[in-house]
Amino acid sequence: MRYHGRVGPQSPSERDSSLPSPDASTDETIVGDDAVRPRVESPLGRGDEVGRYLLLDPLGRGAMGQVFRAYDPDLDRQVAIKILHERGDSDSRSRLLREAKAMARIHHPHVITVYDAGMHEGAVFIAMEIVDGPSLDRWLATPRSPAAILDALTDAARGLAAAHAAGVIHRDFKPANVLVGPGDRAKVGDFGLAGIDE
């Protein structure tokens, strides 16, 4: 379903003028492993609804699916929505649900928070915290002070340790699966290969 009206008293883009337009490129926003910059083709787009969430703009695409910036009207906030490609097989759906389950077990400032998961027209989606910033490998490609690098790596290590303490083994931990947001705070994400200690 595509929504063309207003969201509450203001649409998300009216409430936050810094949001990119549908044709704008968000060059430094990378989400997850193997992600690429926006301007990717998808049957979903700005104005479509996935569960209760209103899609705004694409953030990136990985091997399993696409990630969008979205608006949660119930809580009046922006989130990231990862949705499996429509042609995803049962193994891919199971993997994405496993990622949601793994991340939902972890509550830590250096792990991306999962808010919700569900199905949309046969495809799995995850609603999660949005991190506006590059992956750690791209962040490290720009000259940084030794102290800043140490802080980011320490953040990532703390997030990984929190996952282990929650019984989650990442199994694909690498700089491409860590996002660096405002204040150079690093957060671990992309738990699609995680093993869960039941």
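Peer 1: Hey, could you run me through the overall build of the protein chain in this one?
Peer 2: Within the protein chain, the secondary structure is distributed over 4 helices and 10 strands. When the helices and strands of the protein chain are placed in sequence order, the string is α-β-β-β-β-α-β-β-α-α-β-β-β-β. Here the protein chain, with 198 residues, has 48% of them falling under the buried criterion. Long-range pairs, those at least 24 residues apart, make up 60% of the contacts in the protein chain with a sequence separation of at least 6. A total accessible area of about 9800 Å² is found for the protein chain, and carbon and sulfur atoms account for 50% of it.

Peer 1: Would you explain the pairing of strand β2 (residues 53-61) in this entry?
Peer 2: Every other side chain in a regular strand lies on the same face of the sheet, so the side chains alternate between the two faces. Burial runs high along β2: 7 of the 9 residues are buried. With 2 bridges connecting them, strand β1 (residues 49-50) and β2 associate as antiparallel partners. What sits directly across from Glu49, in β2, is Leu54. Taken together, β1 and the strand that follows it, β2, pair antiparallel across an intervening segment of 2 residues, in which Gly51 is found at a positive phi of about 60°. Sheet topology places β2 next to strand β3 (residues 65-72); 6 bridges connect them, and they run antiparallel. Looking at the pairing, Arg61 lines up with Gln66 of β3.

Peer 1: Looking at this structure, I do not really get the pairing of strand β4 (residues 77-84). What am I missing?
Peer 2: Most of β4 is tucked away: 6 of the 8 residues are buried. Linking two consecutive strands that pair antiparallel, namely β3 and β4, is a turn of 4 residues; a positive phi of about 50° is found at Asp76 within it. Across 4 bridges, β4 lies against strand β6 (residues 123-128) in antiparallel orientation. Bridging from a neighbouring strand, Ile83 pairs with Phe125 of β6.

Peer 1: Got a minute to help me understand the pattern of salt bridges in this structure?
Peer 2: Any two side chains of opposite charge can pair, so long as their charged atoms come close to each other. Under the criterion given, the structure shown has 6 salt bridges. Between Glu129 and Lys187 there is a salt bridge, with the nearest N and O atoms lying 2.9 Å from each other. With a gap of 58 residues between them, Glu129 in the loop between β6 and α3 (136-140) and Lys187 in strand β9 (residues 186-188) connect regions that are remote in the sequence. Taking relative accessible area as the criterion, Lys187 reaches 11% and is therefore assigned buried. Overlapping salt bridges, with partners in common, bring together Arg52, Asp72, Asp74 and Asp116 in one network.

Peer 1: It is not clear to me how the packing of aromatic side chains should be interpreted in this structure. Could you clarify?
Peer 2: Given two aromatic rings, one states the distance between the centres and the angle between the planes to describe the pair. Under the definition given, this model contains 1 aromatic pair. With a centroid separation of 6.2 Å and an interplanar angle of 75°, the aromatic rings of Tyr53 and Phe125 are classed as edge-to-face. In this pair, Tyr53 sits in strand β2 while Phe125 sits in strand β6, placing the two residues 72 residues apart along the sequence. Taken individually, Tyr53 and Phe125 each receive the classification buried, so the pair is uniform in this respect. Note that Arg77 overlies the ring of Tyr115, its terminal NZ or CZ placed 3.8 Å from the centroid.

Analysis parameters
Residues numbered from 1 in each chain as written. Predicted model: local features only at pLDDT ≥ 70, side-chain atom pairs only at ≥ 80, totals over all residues. Heavy atoms only, no water. Helix = DSSP H or I, 4+ residues; strand = E, 2+ residues; numbered from the N terminus. Buried < 20%, exposed > 50% of the residue type's maximum accessible area, 1.4 Å probe, protein only. Contact = heavy atoms within 4.5 Å. Areas by Shrake-Rupley, 256 points an atom, 1.4 Å probe, with all protein chains shown as cover. Pairing = 2+ DSSP bridges. Salt bridge = Lys/Arg side-chain N within 4 Å of Asp/Glu carboxyl O. Phe/Tyr/Trp six-rings, centres within 6.5 Å; stacked < 30°, edge-to-face > 60°. Lys NZ or Arg CZ within 6 Å of the ring centre and 35° of its normal.

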